[in-house]
Amino acid sequence: MSKERRIIPQSERYARWGYAFITPWVIGFLVFTFLPMVFSMYLAFTDYDTINPPKWVGFSNFAKMFTKGEMWHSLWITVKFGILSLPLGLVSGFLLAYLLNMKIPGMKFWRTIFYLPAMISGVVVAMLWRGMFDDQYGMINFILRTAGLRGPQWLLDPKYTLYCFLFLSVWGCGGGMVVYLSGLQSIPTALYEAAEIDGCSKFQQLIHVTVPQMTPIFFFNLIMGLIGMFQYFAEPMVLTKGGPADSTMFYNLYLYKHAFQFRNMGYASALAWFLFMIVLLLTLLTFKSSELWVFYESEVKK
Amino acid sequence: MKKTLTVLLAILLCFAMVMIASCSKGDSGSSSSSTTAKAPAKEKVKIQIMVGFGTGTDPSQIAVHEELQKQFNDTVGKEKGIELEFLTVPYADASTKFTTLVAAGMSPDICGPVGIMGVAQFIDQWLDIEPYIKKDNIDLSDYDDALVESNRYNINGESKLVGLPIGYYPSALFYNEDIYDRAGLEYPPEEWGTADWTYDKLYEQARLMTLDMWGSDANDPDFDMDNVVQYGYDGTDWSPWRAWVGKFFDENGKSVALGMSDDYKTATMNSPEWIKVFSELERMIYKEKVRPRSDAAAGASLFGDADPLGSNRLGVWETFSWMSYAFESWDANFSWNIGAIPAMDGHVVSATNIDTFVITKSSKHPDEAWEVYKWLFSDEVYSKLNHNYGGIPAMKELQAQWLDEQKAERPNINWQVLLDAGAYADNPNNESWVPGYSQVWDEMEFAMASIISGLYDTPEQVAEDLNDEVQYILDEYWAAQNN
């Protein structure tokens, strides 16, 4: 008795091809991301020095994390940096994009120039700024000296070190600028024409047309900035290694120190999961708050 | 649809497994085919020496290792059925690479050259070589006794000797003769332990060599310590902090360098001696004003990218003789020489770095590793290795030859100062093991950095805070050991 051949609908055939194409990625994700994450979750409850087998210690890594001041110190350094750098980066990126959206000659050149810093790796940027911040030979103190002012020991005096990283973060705002620029260019000109007919000045157009239209982009950059802030690592690692006197001990540096210097992989995993929870919580809160201030053109508010 | 997905996933997983299996097969296949092709009667045992924990990673040094590898494989190796291989990894990756290899069951058999710090960081991983030494009647009197003992550890009542010394690097005063001449000062003495050569005397000299951008020295009431262009003395830079602490002794004449009780269970870093450690550092920076208010290693500033003395903006640098790599650039820029370290409260101490080779406990072939080890420490090979690493030979009979070679190359330098430093070597060593090694080290760095950067209330408070932190680490360490 011959078996009846089933006719496969086209949609299912497409789906099969789709699955076939994404499978390598899924395997990669499972092997190199998901399983290590699960393993690190397990390690967070162990004492593991990377040589000997992990020893189960229950919640003691978390207890140590919350009771020792060091974690809170590094978290505070990261948050303090974020409070200063995030708004500064968002605003400077937007203003730069706004300026570079104007129709003046040579604009492509300026866009390229301002975007360049975002193309350079964090390590190279840090090396470059290390020279700029040098208290004896750096350009910043040279300018200050020329103006008759005494420049501080930027990278060596704990009072100033965090501000050095603010310079760096604002200097790299070109990355956000490109996203803002694409957002600015997608605002319908009809809105500006209508506002102009209604007698709006350029500033009023900026406040009442541009900014509301740009809120989805602000939202995107805010989320990315938040995540980036808690992942801040390469620049302090190159410039200060957390010093002097732990004044730039960002959370990720602290985590790195425990994982790779002290080989406390269990404690480092606990730190990593706590960081994950913080980022998740803040992202969810930002998403929740977006209902209040992010405007989508196609969205109809009830 | 679910079925299709499952089937596809299964196929891909099988494919991935086949690929992995074929890759690994390819390796073993090729090695087995080569083994079959050349099939010796008895399979050779491969002994791997991992280089990267210290010196030994420069291309010229790697070339010497390759030459030695060939020499061994063509002679002793052939005779004993051992194949030697040097595995060189960058210094920055050495610890990670080592732990990964051990965890994966692919441990190297020997590691080195490695300093006492490298040994201490993985103290549980090294084999006690004392039984082998006894079995083969190795004469330890060939080496300076203190250097041999620096690799002996007594932990939890168990004593083990993990390595023999290959070379050592004492610290001494490396000074810029041009700066001394400009200040019209007498050079530091060549002789160790002279009665009037104290840190007070050194600071007196250093104050005259410390200049601000207006040309005033540190004795001048108008001296501007925020705009210093030349410092007189930089002693604690580029050195472990314990090298500084090792200059201080308790009332029984015992060094307080470790900062904990003999059983390593109680921190003593708030003792009067440790408070003095911090007070003296405070004095050096803020009262005498002769030392930079930052670690050059921490970034940039006055000394630029050069080493502190190499910047030509420093009078005296108390540092280790492994700075020999910089001698050529010093020669090109200024006249320099070597002097004896002064006394602190009547004690003269030369912090010393010592290189050794260690056999790993996880080696699958410890007996063969010992054969290689013995060969490394045979006269001819030992001498070659010493030349390769630039240390002073710990083997006594080679020291005179070392001195002659140095004198031939730079006749004006007081090389004898470095040889004589051996009698003043620090004990315990500035890098020696303590529980929770890296964390204790980090806490000490933090405490000292607090003083240097001015982020502290009083030396007493710094000592108290450090003691609390270190006690926490010790308690944690011993609790983990007892579990």
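Along every chain, residues carry numbers that run from 1 in the direction the sequence is written. Here chains are named by letter from A upward and ligands by number from 1 upward, in the order in which they appear as written. In keeping with the model being predicted, local features are shown solely for residues with a pLDDT of at least 70 and side-chain atom pairs are shown and tallied solely at 80 or more, while totals for entire chains, interfaces and linings include all residues.

A look at the overall build of chain B
Piece 1. Helix and strand definitions follow DSSP, with helices as H or I runs of at least four residues and strands as E runs of at least two, each counted in order from the N terminus. The number of helices and strands found in chain B is 18 helices and 12 strands.
Piece 2. Evaluated residue by residue, chain B yields a buried proportion of 44% over its 483 residues.
Piece 3. At a minimum sequence separation of 6, the contacts of chain B that also span at least 24 residues come to 74%. Exposure in this text rests on C-beta crowding, where 20 or more other C-beta atoms within 10 Å of a residue's own make it buried, 12 or fewer make it exposed, and counts in between make it partly exposed. The C-beta atoms are placed from the backbone. Contact criterion: two residues are in contact if their C-beta atoms, reconstructed from the backbone, are within 7 Å.

Focus: the nonpolar core
Where a protein is soluble and globular, its nonpolar side chains tend to be buried together.
Piece 1. Remark: nonpolar core denotes a set of buried Ala, Val, Leu, Ile, Met, Phe, Trp, Tyr and Cys residues whose joining runs through C-beta atoms within 7 Å. Ile110, Ala172, Val358, Ile359, Val372 and Tyr373 of chain B are the most contacted members of the largest nonpolar core, which totals 117 residues.
Piece 2. Ranked by residue count, the leading element in this core is helix 17 (residues 437–452) of chain B, at nine residues.
Piece 3. All the domain ranges listed were derived from an automatic or database domain assignment. There are two domains that each give this core at least three residues, and those are domain 1 (44–168 + 354–406) and domain 2 (169–353 + 427–482) of chain B.
Piece 4. Once residues within four sequence positions are removed from consideration, Ile110 of chain B is found in contact with Ile47, Ile49, Phe357, Val358, Ile359, Ala369, Val372 and Tyr373 of chain B.
Piece 5. Residues Tyr48, Met249, Tyr267 and Ala268 of chain A belong to the second largest nonpolar core, which totals 35 residues.

So, the packing of helix 9 (residues 189–197) of chain A against helix 10 (residues 202–230) of chain A
Residue and element names in this part refer to chain A.
Piece 1. Between helix 9 and helix 10, whose axes approach to 10 Å, the crossing angle comes to 140°. With respect to helix 10, the element helix 9 is oriented oblique. Crossing handedness for the pair helix 9 and helix 10: right-handed. On the side of helix 9, the interface is formed by Leu191, Tyr192 and Ala195, while helix 10 contributes Gln205, His208 and Val209. Convention adopted: a line fitted to C-alpha atoms gives each axis, helices being fitted over their contacting stretch, and angles between N-to-C directions are expressed from 0 to 180 degrees. Roughly parallel refers to an angle under 35 degrees, roughly antiparallel to one over 145, roughly perpendicular to one between 65 and 115, and oblique to any angle outside these ranges. Each crossing gets its hand from how the near helix is turned against the far one by less than a right angle, where anticlockwise is left-handed and clockwise is right-handed.

Focus on the domain arrangement of chain A
Residue and element names in this part refer to chain A.
Piece 1. Considered domain by domain, chain A is made up of domain 1 (10–56) and domain 2 (64–293).
Piece 2. Averaged C-alpha coordinates put domain 1 and domain 2 at centres separated by 31 Å.
Piece 3. Contacts between the two partners involve 10 residues from domain 1, matched on the other side by seven residues from domain 2.
Piece 4. Broken down by secondary-structure element, the contributors of at least two residues to the side of domain 1 that touches domain 2 are helix 1 (10–43) and strand 1 (46–47).
Piece 5. Gly falls in the polar group here, along with every residue not listed as nonpolar (Ala, Val, Leu, Ile, Met, Phe, Trp, Tyr, Cys, Pro) or charged (Asp, Glu, Lys, Arg). Across the side of domain 1 that touches domain 2, the residue classes break down as five nonpolar, three polar and two charged.

What to know about helix 11 (residues 272–287) of chain B
Every α-helical turn comprises 3.6 residues, leaving residues that sit three or four positions apart pointing alike.
All names here are of chain B.
Piece 1. Where helix 11 is concerned, the buried positions are Glu273, Trp274, Val277, Phe278, Glu280, Leu281, Met284 and Ile285. The buried residues of helix 11 all sit within an arc of 155° when viewed along its axis, so they share a single face.
Piece 2. Elements in contact with the buried residues of helix 11: helix 10 (241–245), helix 17 and helix 18 (459–482).
Piece 3. Count one or two residues on from helix 11 and you reach Lys289, which has phi positive near 60°. This arc is taken over the directions from the axis of the helix to the C-beta atoms.

Things to note about the domain arrangement of chain B
Residues and elements named next belong to chain B.
Piece 1. Annotation of chain B at the domain level lists domain 1 (44–168 + 354–406) and domain 2 (169–353 + 427–482).
Piece 2. With centres defined by C-alpha atoms, the gap from domain 1 to domain 2 works out at 30 Å.
Piece 3. Listed as interface residues are 14 residues of domain 1 and, on the opposing side, 14 residues of domain 2.
Piece 4. Residue contributions to the side of domain 1 that touches domain 2 peak at four residues, all from helix 5 (residues 116–121).
Piece 5. Residues belonging to the side of domain 1 that touches domain 2 are distributed by class as follows: nine nonpolar, five polar and no charged.

Points about the pairing of strand 3 (residues 110–114) of chain B
All names here are of chain B.
Piece 1. The buried fraction of strand 3 amounts to five of the five residues, a majority that puts the element mostly inside the structure.
Piece 2. Two strands pair if DSSP finds at least two bridges between them. Across three bridges, the pairing between strand 3 and strand 11 (residues 352–359) is antiparallel. If you follow Val114 over to strand 11, its bridge partner there is Thr356.

Considerations on the confidence of the model for chain A
Piece 1. Summary statistics for chain A give a mean pLDDT of 89 and a share of 97% for residues scoring 70 or more.
Piece 2. The pLDDT value tells you how sure the predictor is about a given residue, anywhere from 0 up to 100. Of all the helices and strands in chain A, helix 5 (residues 122–133) of chain A carries the lowest mean pLDDT, 85, while strand 1 of chain A carries the highest, 95.

Focus: unusual backbone geometry
Residue and element names in this part refer to chain B.
Piece 1. With an omega of -5°, the peptide bond between Gly112 and Pro113 qualifies as cis.
Piece 2. With respect to the helices and strands, the residue Pro113 is situated in strand 3.
Piece 3. Look at the link from Asn427 to Pro428: it is a cis peptide, with omega at 5°.
Piece 4. The topology assignment puts Pro428 in the loop between helix 16 (416–420) and helix 17.
Piece 5. If you check the backbone angles, Tyr264 has positive phi at about 65° while not being a glycine.
Piece 6. Given 18 C-beta atoms within 10 Å, Tyr264 falls into the partly exposed group.
Piece 7. Unlike most non-glycine residues, Asp345 shows phi in positive territory, near 50°.
Piece 8. Mapped onto the elements of the fold, Asp345 is located in the loop between strand 10 (336–339) and strand 11.
Piece 9. Accessibility expressed as a C-beta count within 10 Å gives 12 for Asp345, which makes it exposed.

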